[in-house]
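Listed below are the residues making up each chain.
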Amino acid sequence: MTPQNILSLKQVTKNYKQGQNEIEILKGLDLDVVQGQTVAIIGQSGSGKSTLLSLIAGLDTPSSGDVKINEQNINELDEKSLTRFRGANIGIVFQQFHLMSHLTALDNVRLPLDILGQDNAVEKARDALKLVKLDHREDHLPQQMSGGENQRVAIARSFVVNPKLLLADEPSGSLDQETGKVIMDLLFHAVNERQMTMVLVTHNQDLAKRCDHIWELKQGQLHKR
Ligand SMILES: Nc1ncnc2c1ncn2[C@@H]1O[C@H](COP(=O)(O)OP(=O)(O)OP(=O)(O)O)[C@@H](O)[C@H]1O
Ligand SMILES: [Mg+2]
């Protein structure tokens, strides 16, 4: 069986209007990511890494080109279907954790399961928290946890539904170096355990090297590293 493309970008462009002018951020990107692969996207600040990730997540739309996830062109989905598709197929970890402040760690992690109406939410959420070694904090609110602990909750939440694709944008970017390393170790541990497909945006070359493939975004193009 040939391995399946979980993600496929075809000639993806993104322009932003700046006053009278259009600026081209992404100039026709092609990228294929096979199931179980990990891919790092590196590049200078402002090169368009986060822009690219939001197009893949369907949080923004390309100016032209196709974004396919699991053979589905996500820009052909209406708003409601896209939200549901994203919830079931894409896990996202941001630099800022984006947790619900009034929900405990466990409730934050189970939220994506509840939205999809999945069974055994508590059990699955506990398993996810265990994988990031945070099962002892399940009743804590975000404000009662450290930045690193909050990011572990966010990571557990990102993969709790067993998404086809995990997207991470500088997940250790708002943490001190040592905590950041612990977080990234836990993220890679979870990715390996569950054989997830991941696209990781990072400034950090050492982190990038832990992925199967490295692409550099430069002047709107992807270059294999
Ligand atoms: N909504 C927007 N409107 C106009 N320009 C934008 C918008 N979003 C991003 N840009 C511009 O697109 C370029 C790429 O931004 P992006 O956030 O993707 O960079 P990045 O590679 O993630 O940078 P960093 O490493 O600093 O996070 C920047 O020049 C930015 O100013
Ligand atoms: Mg960015």
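Preceding this section is the structure that the text describes.
Calculation rules
- Residues numbered from 1 in each chain as written.
- Chains lettered and ligands numbered in written order.
- Predicted model: local features only at pLDDT ≥ 70, side-chain atom pairs only at ≥ 80, totals over all residues.
- Pairing = 2+ DSSP bridges.
- Helix = DSSP H or I, 4+ residues; strand = E, 2+ residues; numbered from the N terminus.
- Axes fitted to C-alpha atoms, helices over the stretch in contact; angles between N-to-C directions.
- Contact = placed C-beta atoms within 7 Å.

**Q** Would you mind showing me how to read the sheet that holds strand β5 (residues 72-73) here?
**A** Where strands meet in a sheet, backbone hydrogen bonds hold them as pairs that are either parallel or antiparallel. The four strands lie next to each other as β2-β1-β4-β5, forming an open sheet whose pairing is antiparallel. Strand pairing shows two members of the sheet lacking a second neighbour, β2 (21-34) and β5, which therefore form its edges. Bridge analysis of strand β1 (residues 5-18) against β2 gives 11 bridges, and the strand direction is antiparallel. Bridging across to β2, Ser8 finds its partner in Asp32.

**Q** How should the pairing of strand β9 (residues 213-218) be read in this particular structure?
**A** Moving residue by residue along a regular strand, the side chains alternate between the two faces of the sheet. Two elements, strand β3 (residues 38-42) and β9, share four bridges in a ladder whose sense is parallel. Following the sheet pairing, Ile42 is matched in β9 by Glu216. Taken together, the four bridges between β9 and strand β10 (residues 221-224) define a ladder with antiparallel strand orientation. Paired with Glu216 across the strands is His223, a residue of β10. If you look at the hairpin formed by β9 and β10, you'll find two residues sitting between the two strands, and Gln219 has a positive phi there, around 45°.

**Q** Explain the sheet that holds strand β8 (residues 197-201) here, please?
**A** In spatial order, the strands read β6-β7-β8-β3-β9-β10; together these six strands make up an open sheet with mixed pairing. Every other strand in the sheet has two partners, leaving β6 (90-93) and β10 as the edge strands with one partner each. Neighbour to neighbour, the strand axes of the sheet diverge by 20° on average, direction disregarded. Here helix α1 (residues 49-56) sits on the sheet and contacts β3, β7 (165-169), β8 and β9; the angle it forms with β8, its principal contact strand, is near 150°. Against the sheet, helix α5 (residues 147-159) touches β6 and β7, its axis set at about 170° to β6.

Geometry only, nothing functional implied.
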